[in-house]
Amino acid sequence: MDMIFKDLREFEKKYDEKAIMALHQTQCPCGKCREMDFTDVRVTIGAVHIEIPECPVMKCPACGEMQLCPIIPAEIYKAYDKRPQNGNFCKLTIRNNRRFEWAHTLNLQYDSRDLCIPGLNVDLDPMHPEGYSCPVFFKRKVLGAFYNDDDYVLDFFSESYGCIAKKGTDGFEYDWLVHFGINKNDKVVMFLGDLDTIDSEEAAAHFLNIYNIESDHCIVDTELYRAQMNCVPSKPIVEKRILALKESFYHRVQKKYGISLFHLQDECEEQKEKLQKPLHYTEKEIRINIDLMDGILNEGIDSDGLKKLYKVIYNADPPKAIRTQTRKLLEQIIASKDEKADRTIGPLYALNDLRNYFSHLLSQQKMDELKNNALDTLMLTEFNDYRKLYDTLIKRLYSLYQYLNVMDL
Ligand SMILES: [Zn+2]
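What you are looking at is a predicted structure, and each value in this text was computed from that prediction instead of being measured.

**Q** Teacher, can you tell me more about helix H10 (residues 303-314) here?
**A** Because an α-helix completes one turn every 3.6 residues, residues spaced three or four positions apart along the sequence face the same direction. End to end, H10 covers 16 Å across 12 residues, agreeing with the expected 16 Å (1.5 Å per residue, within 8%). Within H10, burial applies to Gly 305, Leu 306, Leu 309 and Tyr 310. Each buried residue of H10 sits inside an arc of 140° when the element is viewed along its axis, so together they form one side. Where H10 is buried, its residues touch helix H7 (238-257) and helix H11 (326-335).

Next comes the structure, spelled out in structure tokens:
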């Protein structure tokens, strides 16, 4: 990128207060989010040449449009001001290896240039040392580590935003809680300052360390970033979070194997809008939700897609007996990674049993059978406590779809 100015006045005019504000705009006129990138920039101000190798810029991934990161004009100004006397050439380097005080005992890798991303170098608390919002990147597997450890909680608010927390001691719900985002490259991002409360001796520090990776600088188009900018909607109801995780699992399969599990997608979208949190847990309320959820989760999955996925994983056709049974196919797919697959998938069976039970179109004997199956699967004894029945079902479904999002595919 070459920029030529007649003199310093012209440079100052080009980058006045309003122009700097515009550099904070992360949305490209084409509608996509700009993400940080690097390019060599050459600035000429009168007779002075300033070279900025690998200068942080914000670039639109769709149309390629580029603009300087908002702090760069001030850096250029400083370089111009402090250039060697009578010198007409200087080089400005934006360092990537600055270390910040936050979470220093965890010894994580990060790229200090990421603070050039609009909004990330802003801290509303002037007492804070710099670098609170420096993003730290991890392999997606880090979520699996927290999911599998009972001392921690993993919670998804949507398919790409959630939190990890340490279960509380001393009567507190959590000892600490950290939000994470998942970016378009499937990397997990957290803010350095948020990690400051994690003790370097605890298991979490170990998980973070082994899965910590180099920054890919992609954070603007994440819900974590939008939350940081205070414009994130509140956490949706758990039923909708389950459906978001379902979509995310299907997308993961599509990305990795090119196999689509989507089925009746338009109908599923329509059904989703009808879901509401039960208020009084009446039979009617839970029947409606169970019906909707069963339609989306059990019917809205493509059995041909599952067959293909089975074939890729086992290098053989699925046995004839289960070829058209979506739950059995999914169970076998899970069984390739998880010996407790029957328990993991259980809630999908319970969901279907309950849907059939509440449709009341069956013989009493069959209804009793469905009822007992559901109770067994959910490890409950009392069928008429609808609140407990429904909440247990939803909790187990949530856990299943969390699993499908953290397991290695
Ligand atoms: Zn664009």
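**Q** Even after reading the chapter, I still don't get the sheet that holds strand S6 (residues 135-138), so can you show me in this structure?
**A** The pairing of strands in a sheet happens through backbone hydrogen bonds and is either parallel or antiparallel. Here we have six strands laid out as an open sheet, ordered S7-S8-S9-S10-S6-S11, and antiparallel in their pairing. The open sheet has two edge strands, strand S7 (152-158) and strand S11 (212-213), and neither has a second partner. Two elements, strand S9 (residues 174-182) and strand S10 (residues 188-191), share two bridges in a ladder whose sense is antiparallel. Counted as the bridge partner of Ile 182 is Val 188 from S10.

**Q** It is not clear to me how helix H5 (residues 203-211) should be interpreted in this structure. Could you clarify?
**A** Of the positions making up H5, those classed as buried are Ala 204, Phe 207 and Leu 208. Relative to the axis of H5, the buried residues are bounded by an arc of 95° and lie together on one face. Buried-residue contacts for H5 involve S6, helix H4 (141-147), S7, strand S8 (161-167) and S11.

**Q** Quick question: what am I supposed to make of the environment of Val 43 here?
**A** Tracing the sequence through the fold places Val 43 in strand S2 (residues 35-45). Each C-alpha atom of the pair Val 43 and Met 1 lies 8.4 Å from the other, and the pair is 42 residues apart in sequence. Every residue in contact with Val 43, bar those within four places of it in the chain, is listed here: Met 3, Ile 50 and Ile 76.

About the cut-offs
Residues numbered from 1 in each chain as written. Predicted model: local features only at pLDDT ≥ 70, side-chain atom pairs only at ≥ 80, totals over all residues. Helix = DSSP H or I, 4+ residues; strand = E, 2+ residues; numbered from the N terminus. Expected span 1.5 Å × (residues − 1). Buried ≥ 20, exposed ≤ 12 C-beta atoms within 10 Å, placed from the backbone. Arc of directions from axis to C-beta. Contact = placed C-beta atoms within 7 Å. Pairing = 2+ DSSP bridges.

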